[in-house]
Amino acid sequence: MKILNDKRYSGMIWSIVLGAVFLILSLGGHHFLDGTPWFLYSSILRLIFGFLVLFIINRLFGKSICEIMSFQNWKNALFLGLGFIIYATYYIVLVIIGTKAVIGLSLGLIISRLFLQQLTTGFFEELCTRALVIEGYFHQECKSLRAKSFYVIASAIIFGGTHITIGWDTYIFLFTAIVGFSFAVVYIKTRNVVIPMLLHFVYDIFANFTDYVEYSRSAIFNALNTAYYVMVGVMLIISIFMLVKPEKSA
């Protein structure tokens, strides 16, 4: 198919196809495995698909692994990700303050789920839904805000869609799309995928840790928790601002 070789849009097609195949293999493995073995299988699968995405980016766009996994413009990348950083900091503080007890979290789960699976999740998902999708922007003549917005929104929608695995969930789709939007802004303005990977990894550790938390429901926790949706909105607003903010002249 010609579109699979079109540098402008083929990354989006490849991202959707790879995401679908990954989902099938992931759900299939989960049918036979559980607990630590499942998380190890999931981590290996994410690692394999991450390297597959690196191969496709290399073949499609001619970028080496070192170029793709570069720390270029890392300071600017962190600044552009400010919306997500503010939200993630709030969320981590909320989890820490609210944790009364940790139940059912073994060493095996700490290693397999909280570390390995989240490390490989950031690796695969950022390559597949950020670098692969948005790189096409740099291979077209038009570099307008409309063009940037198109690629950022496409990345956000694909990222949101990959998190709907069992059935439609509006909240999960919108939340993950907003997070994806924030990471996409970082990539389209810096071509740095490593910073989104690291931010993704750190946040996911705490997001998955909450499955083992018994909350204290203290007054401080309840007060902070009431601001949750406000903080998600702040993340989106700051990310939109970063997208529309004019580039500095060289």
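Before going into details, it helps to say that this report is about the structure given with it. None of these values were measured; they are calculated from a predicted model. (Residues numbered from 1 in each chain as written. Predicted model: local features only at pLDDT ≥ 70, side-chain atom pairs only at ≥ 80, totals over all residues. Heavy atoms only, no water.)

Notes on the pattern of salt bridges
Within the structure shown, the criterion is met by seven salt bridges. A salt bridge links R8 to D6; the nearest nitrogen and oxygen atoms lie 3.0 Å apart. With its nearest N and O atoms 3.8 Å apart, the salt bridge here joins K100 to E214. Of the two residues, K100 is situated in strand β1 (residues 99-102) and E214 in strand β2 (residues 213-215); the sequence distance between them amounts to 114 residues. A relative accessible area of 57% means that K100 is categorised as exposed. Overall, E214 belongs to the partly exposed group, its relative accessible area being 34%. Here the salt bridges share partners, and the residues they tie into one network are K63, E135 and R191. (Salt bridge = Lys/Arg side-chain N within 4 Å of Asp/Glu carboxyl O. Helix = DSSP H or I, 4+ residues; strand = E, 2+ residues; numbered from the N terminus. Buried < 20%, exposed > 50% of the residue type's maximum accessible area, 1.4 Å probe, protein only.)

Description of the side chain of S155
Tracing the sequence through the fold places S155 in helix α7 (residues 145-162). When sequence neighbours within four positions are dropped, the list of residues in contact with S155 reads T129, R130, V133, I134, G180 and A184. (Contact = heavy atoms within 4.5 Å.)

Observations concerning the packing of aromatic side chains
What the rule picks out here adds up to 24 aromatic pairs. Considering the side-chain rings of F115 and F201, the 5.8 Å spacing of their centres and the 80 degrees angle between planes classify their relative orientation as edge-to-face. Within this pair, whereas F115 is found in helix α6 (residues 107-134), its partner F201 is found in helix α9 (residues 194-209), the two being separated by 86 residues in sequence. Ring centres 5.9 Å apart and planes at 15 degrees place the aromatic pair Y171 and F175 in the stacked group. Of this pair, Y171 and F175 both sit in helix α8 (residues 170-190), four residues apart, roughly one helical turn. Between K143 and the ring centre of Y137, over which it is positioned, the NZ or CZ distance is 5.6 Å. (Phe/Tyr/Trp six-rings, centres within 6.5 Å; stacked < 30°, edge-to-face > 60°. Lys NZ or Arg CZ within 6 Å of the ring centre and 35° of its normal.)

Honestly, that's just the spatial picture; any functional story needs more than this.
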